[in-house]
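Analysis of the macromolecular model
Residues per chain, in single letters:
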Amino acid sequence: MNKVRCVWQDFINNFFSKRLLVFCIFQFFILHYYINKVKQFSIVADYPASPWILPFTGQNVYFLFVYGISVIYFYSNIPFMQRNEMYVLMRQGRKQWVYTKMLRIWLSAILLSAIEWILSILPLLPCLEWTTEWGKLYNSLAMTNAGSEYNVKLFFSYELINEHNAVITISIFLITLCISTGLVGMIMFALSIYINRTIAVLMGTFFSILPVVFANLYLYQQWISFISPFSWLNLLLLYGRVCKNAPSLSIVIFMTVIFTFVLCFISLKRIHIKDLNWIDEE
């Protein structure tokens, strides 16, 4: 019970920070930029919007890039070696300290995913209708050319709407969002422990750029889809609609579990011999 309380306290004390505020502000303005035209069309057509718009953002590579950069910024304080952590490590021991930080990464990924969904709903107010269906608005944008006429910046794919109902689709998207966010955070943490913080941030930036690279090379280099976590947010990729050689949701989950164990092993092995350098930074 004490260990659970310790992990939870560590998460709460560090999640609600200036980095979270910047993440939320940045993501809200980006989401508003892409969703505002949808809201305007909703007003003109007199069709209320359902709260399931977030999966459609996954088909926009520039949104994926911006989300990736925001995640990298949020995790940029890795390997969490602020000076106040020195006393925490002395009390917990190096092994327990690593476990606590990894749990913080995954708890942060879960909450960041939930926040992203909430932020995607806010630009639709007051045109929002709580329903379990996709609604007329998104179906109209998917089946007509109204999107181009009203300069809607998101692409509403009928394939995405037709694959599953809205609740299942948003559930799959949020799971994938959590996986991609947490996995990148884990990779950054392991690299910062094994090499240094600069390499970790550079690798995170590389992952944020990969969706743009894959979007331009997927016809020739389909293997990139397996190493581009933020590209998985395009659910059509996981459904096999973008290219034949692409991971499914089950493969993504399997790879995440394997990589998590490997990264955990690497971090634990390295932390016992690493000279820790504490920094004066919040």
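Details of the structure are given in the entry above.
Side note on the overall build of the chain
Summing up its helical and strand segments, the chain has 13 helices and zero strands in all. A compact globule built from 282 residues would reach a C-alpha radius of gyration of about 19 Å, and the chain, at 20 Å, matches this within 12%. Buried residues in the chain amount to 50% of all 282 residues. Long-range contacts, defined as pairs at least 24 residues apart, comprise 79% of the intrachain contacts of the chain with a sequence gap of at least 6. Carbon and sulfur atoms form 65% of the exposed surface of the chain, whose accessible area is close to 13700 Å². Here the chain carries 20 positive and 13 negative side-chain charges, and the mean point of each set is 11 Å from the other.

Brief notes about unusual backbone geometry
For the peptide bond that leads from Leu125 to Pro126, omega is 5°, which places it in the cis range. Relative to the helices and strands, Pro126 is located in the loop between helix H6 (94–121) and helix H7 (136–143). Residue Asp46 is not a glycine yet carries a positive backbone phi of 60°. Along the chain, the position of Asp46 falls in the loop between helix H2 (18–45) and helix H3 (54–57). Look at Asn151: it is not a glycine, yet its phi comes out positive at around 55°.

Some thoughts on the pattern of salt bridges
Following the criterion strictly, the structure yields two salt bridges and no others. Between Arg241 and Glu159 there is a salt bridge, with the nearest N and O atoms lying 3.7 Å from each other. Of this pair, Arg241 sits in the loop between helix H12 (235–238) and helix H13 (249–271) while Glu159 sits in helix H9 (residues 158–163); the two residues are 82 residues apart in sequence, bridging distant segments of the chain. Classification of Arg241 as partly exposed rests on a relative accessible area of 40%. Relative accessible area serves as the criterion here: at 43%, Glu159 is assigned to the partly exposed category. The salt bridge partner of Glu163 is Arg241, with a shortest N-O separation of 2.5 Å. Placement of Glu163 in helix H9 and of Arg241 in the loop between H12 and H13 is noted, with a sequence separation of 78 residues between them. Linked through salt bridges whose partners overlap, the residues forming this network are Glu159, Glu163 and Arg241.

A few points about the packing of helix H10 (residues 166–194) against H13
In contact at an axis separation of 9 Å, H10 and H13 are set at 20° when each is read in the N-to-C sense. Considered as vectors, H10 and H13 are oriented roughly parallel to each other. The crossing of H10 and H13 is left-handed. Only Leu249, Val252, Ile253, Thr256, Phe259, Thr260, Leu263, Ile266, Ser267, Arg270 and Ile271 of H13 make contact with H10, whose side of the interface consists of Ile172, Thr176, Ile179, Leu183, Met186, Ile187, Phe189, Ala190, Ile193 and Tyr194. Grouping the amino acids of the contact of H10 with H13 by side-chain chemistry returns 16 nonpolar, four polar and one charged.

Things to note about H2
Given 3.6 residues per helical turn, the α-helix brings residues three or four places apart onto the same face. Along its 28 residues, H2 runs 39 Å from first to last C-alpha, staying within 8% of the 40 Å computed at 1.5 Å per residue. Taking the largest bend as the criterion, H2 deviates by roughly 40°, centred on Ile35. Within H2 the residues assigned to the buried category are Arg19, Leu20, Phe23, Cys24, Gln27, Ile30, Leu31, Tyr34, Ile35, Val38, Phe41 and Ser42. At the C-terminal side of H2, Asp46 shows a positive phi close to 60°.

A word on the state of the cysteines
A complete count under the given rule lists zero disulfides for this structure. Cys178 forms no disulfide, and the closest cysteine sulfur to it belongs to Cys24, at a distance of 16 Å. The exposure class assigned to Cys178 is buried, which follows from its relative accessible area of 15%.

Remarks on the side chain of Ser108
Along the polypeptide, Ser108 turns up in helix H6. Contacts of Ser108, omitting those with residues within four sequence positions, involve Phe11, Phe15, Phe74 and Tyr75.

Details of the side chain of Ser225
You can see Ser225 is positioned in the loop between helix H11 (197–217) and H12. Within polar-contact distance, the side chain of Ser225 engages the backbone oxygen of Asn245 at 3.4 Å. Excluding its chain neighbours within four sequence positions, the residues that come into contact with Ser225 are Phe214, Trp232, Leu237, Asn245, Ala246 and Pro247.

Digging into a nonpolar patch on the surface
A cluster of nonpolar residues, Phe65, Ile209, Val213, Leu217, Leu219 and Tyr220, forms a patch on the protein surface that exposes about 550 Å² of accessible area. Among the elements that take part in the nonpolar patch, H11 stands out by supplying three residues, more than any other. Following the sequence through the fold, Leu219 ends up in the loop between H11 and H12.

Rules used throughout
- Residues numbered from 1 in each chain as written.
- Predicted model: local features only at pLDDT ≥ 70, side-chain atom pairs only at ≥ 80, totals over all residues.
- Heavy atoms only, no water.
- Helix = DSSP H or I, 4+ residues; strand = E, 2+ residues; numbered from the N terminus.
- Rg over C-alpha atoms; globule rule 2.2 N^0.38 Å.
- Buried < 20%, exposed > 50% of the residue type's maximum accessible area, 1.4 Å probe, protein only.
- Contact = heavy atoms within 4.5 Å.
- Areas by Shrake-Rupley, 256 points an atom, 1.4 Å probe, with all protein chains shown as cover.
- Lys, Arg positive; Asp, Glu negative; His and termini not counted.
- Charge placed at Lys NZ, Arg CZ, Asp CG, Glu CD.
- Salt bridge = Lys/Arg side-chain N within 4 Å of Asp/Glu carboxyl O.
- Axes fitted to C-alpha atoms, helices over the stretch in contact; angles between N-to-C directions.
- Parallel < 35°, antiparallel > 145°, perpendicular 65-115°, else oblique.
- Left-handed = near helix turned anticlockwise from the far one by under 90°.
- Nonpolar A, V, L, I, M, F, W, Y, C, P; charged D, E, K, R; others polar.
- Expected span 1.5 Å × (residues − 1).
- Bend = angle between axes of the 7 residues up to and from the residue.
- Disulfide = S-S within 2.5 Å.
- Polar contact = N/O pair within 3.5 Å; in protein donor to acceptor, adjacent residues only side chain to side chain.
- Patch = residues over 30% accessible without salt bridge, like charges linked within 9 Å, V, L, I, M, F, W, Y side chains within 5 Å.

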